[in-house]
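# Architecture at a glance
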Amino acid sequence: MNKAHIFLSLVVFSGVSHADTLYNFVETDQTASFISGHNVAKQPEVDETAVKKQYTLMERTSSLSAIAVTPDGKQYVAGIDKTALALLEQAIGTIESHGLDSRIFSSKGQLPTIIPSEQLLTPSVVIGTDDRVQITNTVQNPHWYNGRIDVGCTGTLISEKHVLTAGHCVSDGSGNWYSSLDFTVAQSGSYEPWGSENWSTAVTTTAWHNNADTNYDYALIVLAEAPHNGHSGWGVYSDGTHSVTGYPGDKPSGTMWTDSGSTTSSTYRVCYTLDTAGGQSGSGIKDTAGYVRGIHTTGSPSQNCGTRMTSTLFTTLQDWIESYP
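Computed from a predicted model, the values in this text were never measured in an experiment. (Residues numbered from 1 in each chain as written. Predicted model: local features only at pLDDT ≥ 70, side-chain atom pairs only at ≥ 80, totals over all residues. Heavy atoms only, no water.)

Attention now goes to the overall build of the protein chain. Within the protein chain, the secondary structure is distributed over 7 helices and 21 strands. Total accessible area on the protein chain is roughly 12,700 Å²; 49% of this is exposed by carbon and sulfur atoms. (Helix = DSSP H or I, 4+ residues; strand = E, 2+ residues; numbered from the N terminus. Areas by Shrake-Rupley, 256 points an atom, 1.4 Å probe, with all protein chains shown as cover.)

Laid out in structure tokens, this is it:
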């Protein structure tokens with residue numbers, strides 16, 4: 001569902017008439033600081049306090065402000081008006097009370113229209129026994145939306161050109177960006193069915209970029225071109241069985257692995273004992289229908305966690321996509 005439909009629904013169900021975009025990016029006069037190199041992204045540890053943290057309206061307003069960068073070092077910032085956020089949250093609460101959030105805050109997937117001529121048929125935090133299974137055929141639904149990011153992370157196409165990933169896959173959380181953000185969709189070892197696409201813009205929250213807040217650890221990478229014109233479905237999280245599929249650093253280079261099982265959630269986080277490793281940061285937390293319901297971000301010996309896809313996060317990402325089409 002596009003933003004116009006979302007805000008129309010907000011108006012209908014809550015009486016809120018404020019339907020302007022939440023974000024208006026403005027260029028800054030500060031040139032970005034980049035960290036170069038492949039496989040340099042660092043996965044944060046699970047912080048039990050952060051998992052349970054609650055925020056005031058003022059803190060949420062500040063945390064949801066955004067920052068974007070382009071490969072040439074230009075930076076853009078966008079704040080959120082406290083009143084606009086309060087109205088949005090009021091409207092979302094009304095919609096959720098009607099049980100309509102999963103219908104409104106959800107976007108259907110789209111199959112690729114560009115199919116590679118050569119089909120591939122065969123090609124670190126592990127909790128207890130390693131239960132991950134290798135995806136040997138990456139050229140199939142839903143795996144052909146997953147891809148490897150050069151910085152050493154995983155991402156998921158949620159539009160033809162927009163890759164959803166973790167904030168710590170584009171920024172170190174201390175004000176520095178990573179420069180190696182090109183994306184190779186459906187990679188399997190040395191096989192790259194649609195090749196690698198250059199990035200044109202990266203966007204994350206200022207809460208992650210400047211303060212390493214793991215509850216706001218999410219990002220979008222905008223590609224210069226669409227790899228295959230397809231994208232995954234995505235929407236708000238609900239309990240149940242989910243999978244985390246990506247490119248772990250403890251497995252052969254460029255190979256895709258998955259694990260699935262039950263998940264639990266708090267306000268901002270989804271947690272699980274699914275096996276992952278560094279390199280899977282940014283992987284979509286997907287339900288059994290293949291819809292992305294969160295973003296894998298952190299690991300520890302006892303549990304792994306990710307950012308929960310809430311109605312507010314869904315609306316935020318839609319705004320970012322419209323700001324950087």
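So, on to the pairing of strand S20 (residues 292–298). Among the 7 residues that make up S20, 7 are buried, leaving the element largely enclosed by the rest of the structure. Two strands pair when backbone bridges link them, and strand S19 (residues 284–287) and S20 are joined in this way by 3 bridges, in the antiparallel orientation. Bridge assignment links Gly284 to a residue of S20, and that residue is Ile295. The antiparallel pairing of S19 with S20 creates a hairpin that spans 4 residues between the two strands, and Gly290 there sits at a positive phi of about 85°. Bridge count for S20 against strand S21 (residues 304–308) is 4 bridges, and the pairing is antiparallel. Among the inter-strand pairings, Gly294 is bridged to a residue of S21, identified as Arg308. Where S20 folds back onto S21 in an antiparallel hairpin, the turn is made up of 5 residues. (Buried < 20%, exposed > 50% of the residue type's maximum accessible area, 1.4 Å probe, protein only. Pairing = 2+ DSSP bridges.)

Moving on, we get to the nonpolar core. Tyr23, Phe25, Leu181, Leu317 and Trp320 are the most contacted members of the largest nonpolar core, which totals 66 residues. For Tyr23, the contacting residues outside a window of four places in its chain are Leu64, Ser65, Ala66, Ala78, Ile80, Thr316, Asp319, Trp320 and Ser323. Judged by nonpolar contacts, the second largest core, of 6 residues, contains Tyr237, Val244, Val270 and Ile285. (Core = buried A, V, L, I, M, F, W, Y, C linked by side-chain atoms within 4.5 Å. Contact = heavy atoms within 4.5 Å.)

Time to look at unusual backbone geometry. In this structure, Pro142 follows Asn141 across a cis peptide bond, with omega equal to 0°. Within the secondary structure, Pro142 sits in the loop between strand S6 (133–135) and strand S7 (146–149). In this structure, Asn229 is a non-glycine residue whose phi angle is positive, near 75°. Inspection of the secondary structure puts Asn229 in the loop between strand S14 (219–223) and strand S15 (234–235).

All right, on to the state of the cysteines then. Tallied over the full model, the rule gives 2 disulfides. Paired by a disulfide, Cys153 and Cys169 hold their sulfur atoms 2.2 Å apart. Its torsion about the S-S bond being -90°, the disulfide of Cys153 and Cys169 is classed as left-handed. Residue Cys153 is located in strand S8 (residues 153–157), and its partner Cys169 is located in the loop between strand S9 (162–165) and strand S10 (177–178); the two are separated by 16 residues in the primary sequence. Each disulfide pairs two cysteine sulfurs, and for Cys271 the partner residue is Cys305, the sulfurs being separated by 2.0 Å. The S-S bond linking Cys271 to Cys305 shows a torsion near 100°; that makes this disulfide right-handed. Note that Cys271 is positioned in strand S18 (residues 269–272) and Cys305 in strand S21, a separation of 34 residues in sequence. With respect to burial, Cys271 and Cys305 carry one shared label: buried. (Disulfide = S-S within 2.5 Å.)

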